[in-house]
Amino acid sequence: MIIVMGAGAAQKEIRTVIARIKALGYTPHPIFGKERTVIGAIGDERGKIVLQRLESLPGVERVVPILKPYKLASREVKPERTVIRIAPGVTVGDRQLLIIAGPCTVESEAQMIETALAVKKAGAHVLRGGAWKPRTSPYAFLGLELKGLKILRKAGDRAGMPIVTEVMNPADVALIAEYSDILQVGARNVQNFSLLKRIGKSKRPILLKRGMMTTITEYLMSAEYCLSAGSRQVILCERGIRTFEDATRNTLDLSAIPVLKERTHLPVIVDPSHATGAARLVPPMAYAAVAAGADGLMIEVHPTPEKALSDGPQSLTFAKFADTMATLRPFIAAAGRTL
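All residue numbers here refer to positions counted from 1 along the written sequence of the relevant chain. In keeping with the predicted nature of the model, local features appear solely for residues at pLDDT of at least 70, side-chain atom pairs appear and are counted solely at 80 or more, and the whole-chain, interface and lining totals rest on all residues. To obtain the side-chain values, all non-hydrogen atoms of the structure were included, while hydrogens and water were left out.

Chemist: I'm lost on the sheet that holds strand E9 (residues 163-166) in this one. Help?
Modeler: Whether parallel or antiparallel, the strands of a sheet pair through hydrogen bonds between backbone atoms. Pairing is parallel around the closed barrel formed by eight strands, whose spatial order is E7-E8-E9-E10-E11-E12-E13-E14. Across the sheet, the mean angle from the axis of one strand to that of its neighbour is 25°, orientation sign disregarded. Alignment of strand E8 (residues 126-128) against E9, held across two bridges, turns out to be parallel. Paired with leucine 127 across the bridge in E9 is isoleucine 163. It only takes one pair of heavy atoms within 4.5 Å for two residues to be counted as in contact. Simply put, an axis is a line fit to the C-alpha atoms, just over the touching stretch for a helix, and the angle between two N-to-C directions goes from 0 to 180 degrees. A run of H or I in DSSP counts as a helix once it spans at least four residues, and a run of E counts as a strand once it spans at least two, with each numbered from the N terminus. Running over the sheet, helix H3 (residues 146-159) touches E8 and E9 and is turned about 160° from E9. By this definition, two strands are paired if DSSP reports at least two bridges between them.

See below:
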């Protein structure tokens, strides 16, 4: 249920409603908007009719059932867009188009520092790199783990950039949160509910990638796990879904961008690298994603893609990334955004 407070509701009235929600056995999730406060009451749906009684409390305008299965992620609870501040001058969800760039895998300190400086110069805001790598084969390179995480942090600091890396194990959330500015949940873990609940308790923004076989509703339910655990900083990332088509690594579902924007207040970015699996296809799909309304892009970049330990064929060289950023600018301007 949503408890909509009146425009002039006092803090004391809001606190009273929150206390009453708790007393009824539900968890309150207050969302403070520009004009009014909305309080989501989350819990067992079977007895939610008791929440209707809150309509009689001072300051309450109305009590409304949330119809969507995803409650806190829905625009019923929060009609205005969520803007997430990642670092000073770096946001996602507003006019700024967030650009995340870097290699699939952290391979060495020299590789990461060289990449960080190059992508920052070309206009990227956030440095990406995998320290722990989920791979289909147990014999593939699985990452440098903690050593790689420390290298990524050092490279980000050298370039003056926040960093993002993937978390695979709930037990590693606290450790990785010490170093990384954004915690990524990969496509393979989108329904790892233990991880989603644990990562939702962290204080870091969460980058949640769509699963290869995940519907929009299932995807938003995964975001709901993070939100219900306490997070208010979830970034959705469309990275392609698995279809019968084999000309590309995955099929980039550009229609997911406007659909998600209709259904949720959370920012939506696109990863054209994993979607296509081919470097030559990344620039046109990046342009298309911006035109479709994406709030940001996540692009793989490597100093020598032909030598990359992971995902070399889909990684852009420094020169190609700089060229892509330059040709992207008219699309950014046409979409009413800035870098």
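Chemist: Explanation requested: the nonpolar core in the structure shown.
Modeler: Generally speaking, soluble globular proteins have nonpolar side chains that are buried together. In terms of nonpolar packing, the biggest core is built from 47 residues, with Leu207, Leu208, Val234 and Leu236 touching the most fellow members. Top element by residues in this core is helix H6 (residues 216-228). It accounts for six residues. Leaving out residues up to four positions away in the same chain, leucine 208 has contacts with Val185, Val190, Leu196, Tyr219, Ser222, Ala223, Val234, Ile235, Leu236 and Cys237. The nonpolar core is taken to be a set of buried Ala, Val, Leu, Ile, Met, Phe, Trp, Tyr and Cys residues, with the residues joined through side-chain atoms within 4.5 Å. Categorising residues by exposure relies on relative accessible area from a 1.4 Å probe, with only protein chains included: less than 20% of the type maximum marks a residue as buried, more than 50% marks it as exposed, and the intermediate range marks it as partly exposed.

Chemist: What exactly am I supposed to notice about the pattern of salt bridges here?
Modeler: Working definition: two side chains of opposite charge can pair if their charged atoms are close together. By definition, a salt bridge exists where a carboxyl oxygen of Asp or Glu is found within 4 Å of a side-chain nitrogen of Lys or Arg. With the rule as written, the count across this model stands at 13 salt bridges. For arginine 153, the salt bridge identified is with aspartate 181, shortest N-O distance 2.9 Å. Of this pair, arginine 153 sits in helix H3 while aspartate 181 sits in the loop between helix H4 (173-179) and strand E10 (182-185); the two residues are 28 residues apart in sequence, bridging distant segments of the chain. Since its relative accessible area comes to 15%, aspartate 181 is described here as buried. Here the salt bridges do not stand alone but share partners, grouping Arg36, Glu61 and Arg62 into one network.

Chemist: So what exactly am I meant to see when it comes to the side chain of lysine 71 here?
Modeler: As for its placement among the helices and strands, lysine 71 is situated in the loop between strand E4 (60-64) and strand E5 (84-87). N or O atoms closer than or at 3.5 Å make up a polar contact, with two conditions inside protein: a donor-capable atom paired with an acceptor-capable one, and, for residues adjacent in sequence, both atoms drawn from side chains. Looking at lysine 71, its side chain comes within polar contact range of the main-chain oxygen of isoleucine 66, at 3.2 Å. When sequence neighbours within four positions are dropped, the list of residues in contact with lysine 71 reads Ile42, Glu45, Ile66, Val77 and Glu224.

Chemist: Could you clarify how one ought to interpret the packing of aromatic side chains in this entry?
Modeler: The geometry of two aromatic rings is summed up by the distance between their centres and the angle between their planes. Any two rings among Phe, Tyr and Trp, with Trp reduced to its six-membered ring, count as a pair given centres within 6.5 Å; such a pair is stacked if its planes are under 30 degrees apart, edge-to-face if over 60, and tilted if neither. Scanning the model with the defined rule gives two aromatic pairs in all. Geometrically, the ring pair formed by phenylalanine 193 and tyrosine 225 is stacked, given 4.5 Å between the ring centres and 25° between the ring planes. Placement of the pair is phenylalanine 193 in helix H5 (residues 193-200) and tyrosine 225 in helix H6, with a sequence separation of 32 residues. Here the aromatic rings of tyrosine 287 and phenylalanine 331 are separated by 4.7 Å at their centres, their planes lie at 5°, and the arrangement is stacked. In this pair, tyrosine 287 is assigned in helix H9 (residues 282-291) and phenylalanine 331 in helix H10 (residues 318-334), connecting sequence segments 44 residues apart. Note on tyrosine 287: relative accessible area 17%, which makes it buried.

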